[in-house]
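Okay, here's what each chain looks like letter by letter:
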Amino acid sequence: MRLEPANVAPHRTARLWLPRQHGAWALLALPILVGIVASRLVPGHLLLAAAAVAAYLASATLQAWLRARRRASYLPSIVAYSAAAVLFGVPLLVMEPRLVLAAIVVVPAGALTLAVARPGTPREMVLSLAHVAQASVLVPTAMLLAGETSGWVLGAATAIAAAEMAGSVLAVRSVIRERDNPGFAARSIA
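First things first, this report covers the structure right here in the doc. (Residues numbered from 1 in each chain as written. Predicted model: local features only at pLDDT ≥ 70, side-chain atom pairs only at ≥ 80, totals over all residues. Heavy atoms only, no water.)

The next point concerns a nonpolar patch on the surface. A cluster of nonpolar side chains, namely Leu93, Val100, Leu101, Ile104, Val105 and Val106, defines an oily patch on the protein surface of about 510 Å² accessible area. For the nonpolar patch, the element with the most residues is helix H5 (residues 103-116), which contributes three residues. Structurally, the position occupied by Val105 is in helix H5. For Val105, a relative accessible area of 33% corresponds to the partly exposed category. (Patch = residues over 30% accessible without salt bridge, like charges linked within 9 Å, V, L, I, M, F, W, Y side chains within 5 Å. Areas by Shrake-Rupley, 256 points an atom, 1.4 Å probe, with all protein chains shown as cover. Salt bridge = Lys/Arg side-chain N within 4 Å of Asp/Glu carboxyl O. Helix = DSSP H or I, 4+ residues; strand = E, 2+ residues; numbered from the N terminus. Buried < 20%, exposed > 50% of the residue type's maximum accessible area, 1.4 Å probe, protein only.)

Close contact between helix H2 (residues 24-37) and helix H3 (residues 44-67) brings their axes to 11 Å; oriented N to C, the two are set at 155°. Here H2 is positioned roughly antiparallel relative to H3, judged by the angle of their axes. For the crossing formed where H2 meets H3, the hand is right-handed. Of the residues in H3, those touching H2 at Ala24, Trp25, Leu28, Ile32 and Ile36 are His45, Leu48, Ala49, Ala52, Val53, Tyr56 and Leu57. Its residues placed into classes, the contact of H2 with H3 shows 11 nonpolar, one polar and no charged. (Axes fitted to C-alpha atoms, helices over the stretch in contact; angles between N-to-C directions. Parallel < 35°, antiparallel > 145°, perpendicular 65-115°, else oblique. Left-handed = near helix turned anticlockwise from the far one by under 90°. Contact = heavy atoms within 4.5 Å. Nonpolar A, V, L, I, M, F, W, Y, C, P; charged D, E, K, R; others polar.)

Next up on the list: the pattern of salt bridges. As enumerated under the stated definition, the model contains one salt bridge in all. Residues Arg98 and Glu96 are paired through a salt bridge, measuring 2.7 Å at the closest nitrogen-oxygen approach. Looking at Glu96, the relative accessible area reads 11%, which means it is buried.

It is worth spelling out H2 at this point. In this model, H2 (14 residues) spans 20 Å end to end at C-alpha, consistent with the 20 Å of a helix rising 1.5 Å per residue. Packing partners of the buried residues in H2 comprise H3, helix H6 (125-136), helix H7 (138-145) and helix H8 (151-175). (Expected span 1.5 Å × (residues − 1).)

Another point: the packing of aromatic side chains. Following the criterion strictly, the structure yields one aromatic pair and no others. Consider the rings of Trp25 and Tyr56, whose centres lie 5.2 Å apart with planes at 75°: the pair is edge-to-face. With a gap of 31 residues between them, Trp25 in helix H2 and Tyr56 in helix H3 connect regions that are remote in the sequence. According to the relative accessible area criterion, Trp25 is partly exposed, its value standing at 35%. Tyr56 gets classed as buried once you look at its relative accessible area, which sits at 15%. A cation sits over an aromatic face here: Arg71 above Trp65, 4.6 Å from the ring centre. (Phe/Tyr/Trp six-rings, centres within 6.5 Å; stacked < 30°, edge-to-face > 60°. Lys NZ or Arg CZ within 6 Å of the ring centre and 35° of its normal.)

Below, the structure written as structure tokens:
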């Protein structure tokens, strides 16, 4: 089986490898940085950042694949990003086996994300909040890698980051998709 893109124009090739969601990068960086600030910097955080980026790219590419007409074009990037996520993720689980608990949040939120990615399915606020939930898991993950074990500290840092990210999602949505909806803007500000 060949995994090469099938006759895709050069400007379209970038779409096969890079998602268009610019705000998603902040959803990756912020929770890792909060986890580091709330604990301490350790070498495992570089591995966590690499795993998070690879997992995000795999997920975003898989969502694009579900919406695409020419699905075969996406296979090389899906395979590469998924392999990188596993390559970086397995050592994290070896370093800190409790990280497997992240699956409690990541798996259902990821399933929801993929279910909503199908063609003809409107992207709702629930999808954005599912992304926030997935990103929020990076806070306690970073803290556990640094040796933090206090449930209160883990929970407080995670709640603060999740609230900030959810607020950002609401603010961005109020000025883009819901710009003509004063009620949504008022709820976003609240």
